[in-house]
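# Inside the fold
Spelled out from the first residue to the last, the chains are:
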Amino acid sequence: GLGGRLDATNIVIPAVSVITNVGLEHTELLGDSLPKIAREKGGIIKKSIPVIVGERSSAYNLVIEDIAADRRSAVIYAEQEFECRRQQREGDVQVFDMIRTRDNQQYTLRLPLLGEYQRQNLATVCAVADYLHENTPLSISRRAFVEGVRDTTLLTGFRGRWQRLSTEPTVICDTAHNPDGMRHVAKQLGEIASGKLYCVMGFCEDKNIEQMLCSMPKDAHYIFTRAESRRAATAESIAAIASALGLDFEYQPTVATAVERAKSLMTSSDTLFVGGSTFVVAEILPQ
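These lines cover the structure that appears in this document, whether it is placed above or below. (Residues numbered from 1 in each chain as written. Predicted model: local features only at pLDDT ≥ 70, side-chain atom pairs only at ≥ 80, totals over all residues. Heavy atoms only, no water.)

For the rest of this paragraph, the subject is the overall build of the protein. The number of helices and strands found in the protein is 12 helices and 12 strands. Computed over C-alpha atoms, the radius of gyration of the protein comes to 20 Å, within 12% of the 19 Å expected from 2.2 N^0.38 for 287 residues, which places it in the range of a compact globule. Counting only C-alpha atoms and orienting by the principal axes, one finds that the protein spans roughly 55 × 40 × 35 Å. A buried classification covers 47% of the 287 residues belonging to the protein. Pairs at least 24 apart in sequence give 65% of the contacts found in the protein among residues at least 6 apart. Accessible area for the protein stands at about 14,300 Å²; split by element, carbon and sulfur atoms hold 50% of it. Of the side-chain charges in the protein, 32 are positive and 36 negative, and the distance between the mean point of each set is 4 Å. (Helix = DSSP H or I, 4+ residues; strand = E, 2+ residues; numbered from the N terminus. Rg over C-alpha atoms; globule rule 2.2 N^0.38 Å. Buried < 20%, exposed > 50% of the residue type's maximum accessible area, 1.4 Å probe, protein only. Contact = heavy atoms within 4.5 Å. Areas by Shrake-Rupley, 256 points an atom, 1.4 Å probe, with all protein chains shown as cover. Lys, Arg positive; Asp, Glu negative; His and termini not counted. Charge placed at Lys NZ, Arg CZ, Asp CG, Glu CD.)

Moving on to the side chain of S17. With respect to the helices, strands and loops of the structure, S17 is situated in strand β1 (residues 17-19). From its side chain, S17 meets the backbone oxygen of I44 in a polar contact 3.3 Å long. Each residue touching S17, except ones within four places of it in the same chain, is listed here: I44, I45, K46, I49, P50, V51 and I52. (Polar contact = N/O pair within 3.5 Å; in protein donor to acceptor, adjacent residues only side chain to side chain.)

The strand order β7-β8-β12-β9-β10-β11 describes an open sheet built from six strands, whose pairing is mixed. A strand with exactly one partner marks an edge of an open sheet, and here the two such strands are β7 (163-166) and β11 (248-251). Along the sheet, successive strands turn relative to each other by an average axial angle of 25 degrees, direction set aside. Its contacts with the sheet put helix α8 (residues 179-192) on β8 (170-174), β9 (197-201) and β12 (271-275), and the angle it makes with β12 is roughly 170 degrees. (Pairing = 2+ DSSP bridges. Axes fitted to C-alpha atoms, helices over the stretch in contact; angles between N-to-C directions.)

Inspection of the entire model under this criterion finds five aromatic pairs. Arranged with centres 6.4 Å apart and planes meeting at 90 degrees, the rings of Y107 and F145 form a pair that is edge-to-face. Of the two residues, Y107 is situated in strand β6 (residues 105-111) and F145 in helix α6 (residues 142-150); the sequence distance between them amounts to 38 residues. Judged by relative accessible area, which is 12%, F145 ranks as buried. An angle of 45 degrees between the planes, with centres 6.4 Å apart, marks the rings of F203 and F224 as tilted. Placement of F203 in the loop between β9 and α9 (209-215) and of F224 in strand β10 (residues 221-224) is noted, with a sequence separation of 21 residues between them. For the pair F203 and F224, a shared accessibility class is recorded, and that class is buried. Between the NZ or CZ atom of R142 and the centre of the ring of Y107, over which it lies, the distance is 4.0 Å. Sitting over the face of the ring of Y198, K196 holds its NZ or CZ atom 5.9 Å from the ring centroid. (Phe/Tyr/Trp six-rings, centres within 6.5 Å; stacked < 30°, edge-to-face > 60°. Lys NZ or Arg CZ within 6 Å of the ring centre and 35° of its normal.)

The next point concerns the state of the cysteines. Evaluated as defined, the whole model comprises zero disulfides. C126 carries a free sulfur, and the closest cysteine sulfur to it, the one in C84, is 9.1 Å from it. For C173, which is in no disulfide, the shortest distance to another cysteine sulfur is to C199 and amounts to 13 Å. Overall, the relative accessible area of 0% leaves C173 in the buried class. (Disulfide = S-S within 2.5 Å.)

Here three bridges tie β7 to β8, and the two strands are oriented antiparallel to one another. Across the sheet, the residue bridging to S166 is V171, located in β8. Linkage of β7 to β8, two consecutive antiparallel strands, is achieved through a turn of three residues, within which E168 is found at a positive phi near 50 degrees.

Another point: the pattern of salt bridges. Under the defined criterion, the tally for this structure stands at 17 salt bridges. One salt bridge in this structure joins E79 and R56, with 2.8 Å as the shortest N-O distance. Taken together, the positions of E79 in helix α4 (residues 78-81) and R56 in the loop between β2 (51-53) and α3 (61-70) put the pair 23 residues apart, joining distant regions of the chain. Residue classification places E79 among the partly exposed residues on the basis of a relative accessible area of 29%. With a closest N to O distance of 2.9 Å, R100 and D130 form a salt bridge. Here the residue R100 occupies a position in strand β5 (residues 93-100), and D130 occupies one in helix α5 (residues 118-135), the gap between them amounting to 30 residues. Both residues of the pair, R100 and D130, count as buried. Three or more residues are tied together by salt bridges with common partners; here these are R100, R102, D103, D130 and E134. (Salt bridge = Lys/Arg side-chain N within 4 Å of Asp/Glu carboxyl O.)

Following this line, the structure appears as structure tokens:
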């Protein structure tokens, strides 16, 4: 579904609802502004059932609060419930010190997902688990929570979010597929990329490709491609946008040939990023 009023999960009456954040996506269906999209997202709020919001913003807080008030539902902002005091990389995991603000209880959590943006996601998860433990029959012990976070990928098979596929050269993929997600990816690429940056990217035609590319580094070499999906944007449409932005780019017909081309140009000290679409990332992940 679309994560809001039109989502299939609305047939379920939940213990708690969660809105992670509100960004400009599916604008042709949800609206062309954050307040309009927030109103659609608020469609998951059920009568007298609290909603936890992962990322608050002056652009849409009041919209969500109005819907919740109308349905007599409490609004809980995750970042008011939990604060991250430390975030650092240790090998193949990130370590977070999360503080529960109401009593300064500290949770040290190890997460095998390496995107810096997971900080906000983890605060949301902490707030949800804490609410369920304190207010519902679901008793989630601290040990179970810590171990669940630690074993996220093992338990779920979750892949494709800031996943390192190789070193020398470094190859990273991420399934970010909207402007908000791409801004986070671009920021982290700017911090870790060594040597020259190569980007193999393809997009769905209904996405805001221009805004996504505007977020990405201007000095990278781009190899655009088309995933095996009927929703994939054509080479011509991507090329027109890339040309207008003054990007250095070429085009390959498939994801596999695009990655092969990038590797033929790279040295062991360069970095390759693959993304733009979940479909693109799916084609390079080991089966």
